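If you want the building blocks of each chain, they are given just below.
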Amino acid sequence: MTLTARLRPSLAFLSMLLLLCGLSKPCLALILIMDVSKERAKELGIRVRILPSANDDARVQVEFKTTGALREYRWADLELTQGGKRLVSAPLLPRKPARESPEESKQLEFYMDPAALPNATVTIVVDGEPLTGTGYRLKLKDFPAQAASR
């Protein structure tokens, strides 16, 4: 028996193991991404606030209730693009707002250059349909910045 013939079952097993392990993780390509308008965000219980900060940055707060369509919240991502090319994609760690019970609400917060707001999106991903979940994409250009209060 040749060496190739003896290794064939092992190679088949390793190939199958790699295939199964590689496919068992959620894939972003299987998530249904839906653009969310300002009105739809309000219906979903999502509030986006863009405030000025002390360093001439924009302070972006995205707060949402983990009820209804967002009940099965999994994660959120920030993405910054320019000319159709992704410059940055980063996960956002939620905070629990102090004014509400932790089970009902999450808050995402980050700072960025106000000039980059038109090219930035926040996607909130929840479990459910179709295969691995639904992503609710908020285009920050659709949410006007609030003026500084003095």
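Whatever comes next refers back to the structure up there.
Our subject in this report is the structure included herewith. Sequence order sets the numbering: in each chain, residues are counted from 1 along the sequence as written. Restriction of local features to residues with pLDDT of at least 70 applies here, the model being predicted, together with a cutoff of 80 or more for giving and counting side-chain atom pairs; totals for whole chains, interfaces and linings are based on all residues. Calculated side-chain values reflect all of the structure's heavy atoms, with hydrogen atoms and water omitted.

What follows covers the overall build of the chain. Note on conventions: DSSP H or I runs of at least 4 residues are helices, E runs of at least 2 residues are strands, and numbering of each starts at the N terminus. Of the regular secondary structure elements, the chain holds two helices and eight strands. Secondary structure of the chain in N-to-C order comes out as α-β-α-β-β-β-β-β-β-β. Of all 150 residues assigned to the chain, the portion counted as buried reaches 31%. Whether two residues are in contact is decided by their heavy atoms: any pair within 4.5 Å suffices. Taking the intrachain contacts of the chain between residues at least 6 apart in sequence as the baseline, contacts between residues at least 24 apart amount to 61%. Summing over all exposed atoms, the chain offers an accessible surface of approximately 10,300 Å²; the carbon and sulfur share of this is 56%. The rule is simple: take the accessible area with a 1.4 Å probe, protein chains only, and divide by the maximum for that residue type; under 20% is buried, over 50% is exposed, in between is partly exposed. We get accessible surface area from the Shrake-Rupley algorithm with a probe of 1.4 Å; when it comes to residues, only the shown protein chains can shield them.

Here, strands pair whenever DSSP counts at least two bridges between them. Here we have five strands laid out as an open sheet, ordered β1-β8-β7-β4-β5, and mixed in their pairing. The sheet is open, and its two borders are formed by β1 (32–36) and β5 (85–92), each paired with just one other strand. Pairwise comparison of adjacent strand axes, ignoring direction, gives a mean angle of 25 degrees for this sheet. Judged from the seven bridges that link them, strand β4 (residues 73–82) and strand β7 (residues 120–126) form a sheet pairing that is antiparallel. Across the sheet, W75 pairs through a bridge with V125, a residue of β7. The axes used here are C-alpha line fits, helices contributing only the stretch in contact, and every angle between their N-to-C directions lies in the interval 0 to 180 degrees.

Counting residues in hydrophobic clusters, the biggest one holds 29 residues, and the most contacted among them are I46, V62, L108, V122, I124, L138 and L140. Listed by contribution, the elements that provide at least two residues to this core are α2 (38–44), β2 (46–52), β3 (58–65), β4, β6 (105–112), β7 and β8 (134–139). In this description, a nonpolar core means a group of buried Ala, Val, Leu, Ile, Met, Phe, Trp, Tyr and Cys residues linked to one another through side-chain atoms lying within 4.5 Å.

Classification of ring pairs uses Phe, Tyr and Trp, with its six-membered ring standing for Trp, and accepts pairs whose centres are within 6.5 Å; under 30 degrees between planes counts as stacked, over 60 as edge-to-face, and the remaining range as tilted. Counted according to the given criterion, the structure contains one aromatic pair. Here F64 and Y73 contribute two aromatic rings whose centre-to-centre distance is 5.2 Å and whose plane-to-plane angle is 50 degrees, an arrangement assigned as tilted. Judged by its relative accessible area of 1%, F64 falls in the buried class. For Y73, a relative accessible area of 16% puts it in the buried group.

Just distances and angles here, no functional claims.
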